[in-house]
Each structure stands twice: as structure tokens, then as C-alpha cells.
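Commentary on secondary and tertiary structure
The chain contents come next:
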Amino acid sequence: NLENINLPNNLKKIESAAFYGCKKLKLIKMPDSLTEIGTHSFRGCISLNEVVFSSNINKIPYRAFSNCEALREVSIPEGLVSIDDEAFYCAGLESVQLPDSLESIGESAFYMCKTLNRINFPDSIEFIGEKAFYQCEQLTSVTLPKNLISLEDDTFYNCINIKTINLNNSLNKICARAFHGFSKI
């Protein structure tokens, strides 16, 4: 029945699965002392609708926010360099603001975020993993970052509403089914 929690200002780490399945948790404010969150930390927190990230974490780990159905919007702070595999798997996201410090987006990071319609890709991104945006059905436009050299398998698979894709001059490989199922192009 946990809805709100005040994390102490000197907290350094949230261990794996610390809040896994806290179905009524609505808000998490991470203190700036926090430098690490573990895998599955907030997985299945289906009522979580607001996350204020610490400015001192450098990655969002595996399935940290997967199945957070009420989470509509995230703004990730500068300094974060990696969003790991399946970090926001099947989350209810509509909008994601990525920092200029971000270098990689892992495999299936935003897999089946079916309501995701806005995401910026800063030019600092060098890698986007397989199925990273698989079935993000509400995306309508994609501008790939300048430093991205490869689109992996199924990157934008079944993103059926994309009408515009802006590729960069650094891109030298587009893998299997990267744009499979596009009906608007």
C-alpha cells in the first residue's frame, strides 16, 4: 500500500528490486546523493506517474522502470550516459526528454511503449540497440543522431505511424527489419 516515500538526502544506492511491484507508489524523488539504482528497482510500479531523477546517476539499468503503466513523461538529467536494455519495457510513456550526455540506448529499452509519441535523439548517441523502439505505435517522426553509425535489427519495428525519418550522413548500416511494418511511408 506504499504510495509515497521520502528518500533520505544521503542515500547513495537503491538496490535491485527495492520497490518492485509497489503497485500504489505514485512519486519517486531521487536525492542528488544517489549515484546508482539497481535492476528492476521500480518494475511493476503500475501507479508510478512521476520520477525526479538524481543528477548524479549515469545509467538507468535493466528493467528499472518496466511495466510502469502510469508513467507518461520522463526528463532524464544531464550526466546520464546509458539507458540499459529493457529499462522502460512496456511503460506507459508518451514523452521522453533525453540529455545531451546520452551515448547509448540498450536493446528493447522502450519496447512496446505504445503511447510514446515524442522523443528527442541528441547527437551524442552512438548506439541504439535491437528492438529499442519496437512497436512504439504513436511515434510519427524520427531524426537520427549525427553520431549513430548503425541501426540494429528491429529498431523501429511496427512503429506504424512514423511518416518521416531523417537519416544522418554517418549512418553506414541499416540492419534487418529496422523499419518493418511502416504503412505511412
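Residues numbered from 1 in each chain as written. Predicted model: local features only at pLDDT ≥ 70, side-chain atom pairs only at ≥ 80, totals over all residues. Heavy atoms only, no water.

1. Brief notes about the sheet that holds strand E6 (residues 73-75)
Read across the open sheet, the three strands follow the order E6-E8-E10; overall the sheet is parallel. A single partner strand is all that each edge strand has here, and the edge strands are E6 and strand E10 (118-119). Sheet topology places strand E8 (residues 95-97) next to E10; two bridges connect them, and they run parallel. Looking at E10, one finds that Ser95 is bridged to Arg118. (Pairing = 2+ DSSP bridges. Helix = DSSP H or I, 4+ residues; strand = E, 2+ residues; numbered from the N terminus.)

2. Examining the packing of aromatic side chains
Evaluation of the coordinates by the stated rule reveals 14 aromatic pairs. Ring geometry for Tyr134 and Tyr157: centres 4.7 Å apart, planes at 0°, overall stacked. Taken together, the residues Tyr134 in the loop between strand E11 (127-128) and strand E12 (141-143) and Tyr157 in the loop between strand E13 (150-151) and strand E14 (164-166) connect sequence positions 23 residues apart. By relative accessible area, Tyr134 is classed as buried at 15%. A connected cluster of aromatic rings, assembled from ring pairs, spans Phe19, Phe42, Phe53, Phe65, Phe88, Phe110, Phe121, Phe133, Phe156, Phe179 and Phe182. (Phe/Tyr/Trp six-rings, centres within 6.5 Å; stacked < 30°, edge-to-face > 60°. Buried < 20%, exposed > 50% of the residue type's maximum accessible area, 1.4 Å probe, protein only.)

Function cannot be read off these values alone, since they describe shape.
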